[in-house]
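Secondary and tertiary structure notes
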Amino acid sequence: MAYWLFKSEPNVWSWENQVAKGDAGEEWDGVRNYQARNFMRDMKVGDLGFFYHSQTEKAVVGIVEVIAEAHTDSTTDDDRWDCVDIKAVKPMPKPVTLAMCKDDERLSDMALIRSSRLSVQPVKDTEWDIVCKMGGLNVK
DNA sequence: GCCAACGTTGGC
DNA sequence: GCCAACGTTGGC
């Protein structure tokens, strides 16, 4: 199983919006970047991801799960763009901010820090565990 | 609101 | 196929 990170501007699509969709989940649409799309094509049902609020909050605020593999993005006619469906799993007891990640040397290689503009990113197992712990979640 | 980083587009 | 111009993103 792989781990990912989904970035969203909270005033466009927030964690609260995602939670409101419940187990039915929602398309992660609107991605118009090849790298991000390719990562989504690699995703499998059951993969987990961080839900990250950019701009105002700059923090990981929750955990999501992939519930449908890549399919055509319904918001465009352009067949280059695929997206997956995700659902909210649980909120972070404590949001993990970008500043906290930057302060932790073990996370210096994270895509979140290295390529801040990428909206869908892979997360390493070790990074996943560290961020979960910082957020007050017990993993494994 | 600014600006750096970076991806995309289009002319050649 | 290169590269300049341009647009967008996101941190500050």
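None of the values given here were measured: they were computed from a predicted structure.

**Some remarks on the UniProt feature "domain: EVE" (unreviewed entry) in chain A**
According to UniProt, the feature "domain: EVE" (unreviewed entry) maps to residues 2-134 in the numbering used here. Helix makes up 26% of residues 2-134 and strand 36%, whereas the separation of the span's terminal C-alpha atoms amounts to 20 Å.

**Here we look at helix α2 (residues 34-42)**
Looking only at α2, the buried set comprises Arg37, Phe39 and Met40. Buried residues of α2, viewed axially, fall in a sector of 160°; they line one side. For α2, the exposed residues lying more than 90 degrees away from the buried face are Tyr34, Asn38 and Arg41. Looking at the packing, one finds that the buried side of α2 touches β1 (3-8), β4 (59-72), β5 (82-97) and β6 (120-123).

**With respect to the environment of Met134**
Relative to the elements of secondary structure, Met134 occurs in helix α5 (residues 125-134). Given 19 C-beta atoms within 10 Å, Met134 falls into the partly exposed group. Note: C-alpha distance between Met134 and Met1 (133 residues apart in sequence) is 21 Å. Leave out the neighbours within four places in its chain, and Met134 touches Val96 and Met100.

Thresholds applied
Residues numbered from 1 in each chain as written. Chains lettered and ligands numbered in written order. Predicted model: local features only at pLDDT ≥ 70, side-chain atom pairs only at ≥ 80, totals over all residues. UniProt positions renumbered as here; feature names shortened; annotations may be inferred. Helix = DSSP H or I, 4+ residues; strand = E, 2+ residues; numbered from the N terminus. Buried ≥ 20, exposed ≤ 12 C-beta atoms within 10 Å, placed from the backbone. Arc of directions from axis to C-beta. Contact = placed C-beta atoms within 7 Å.

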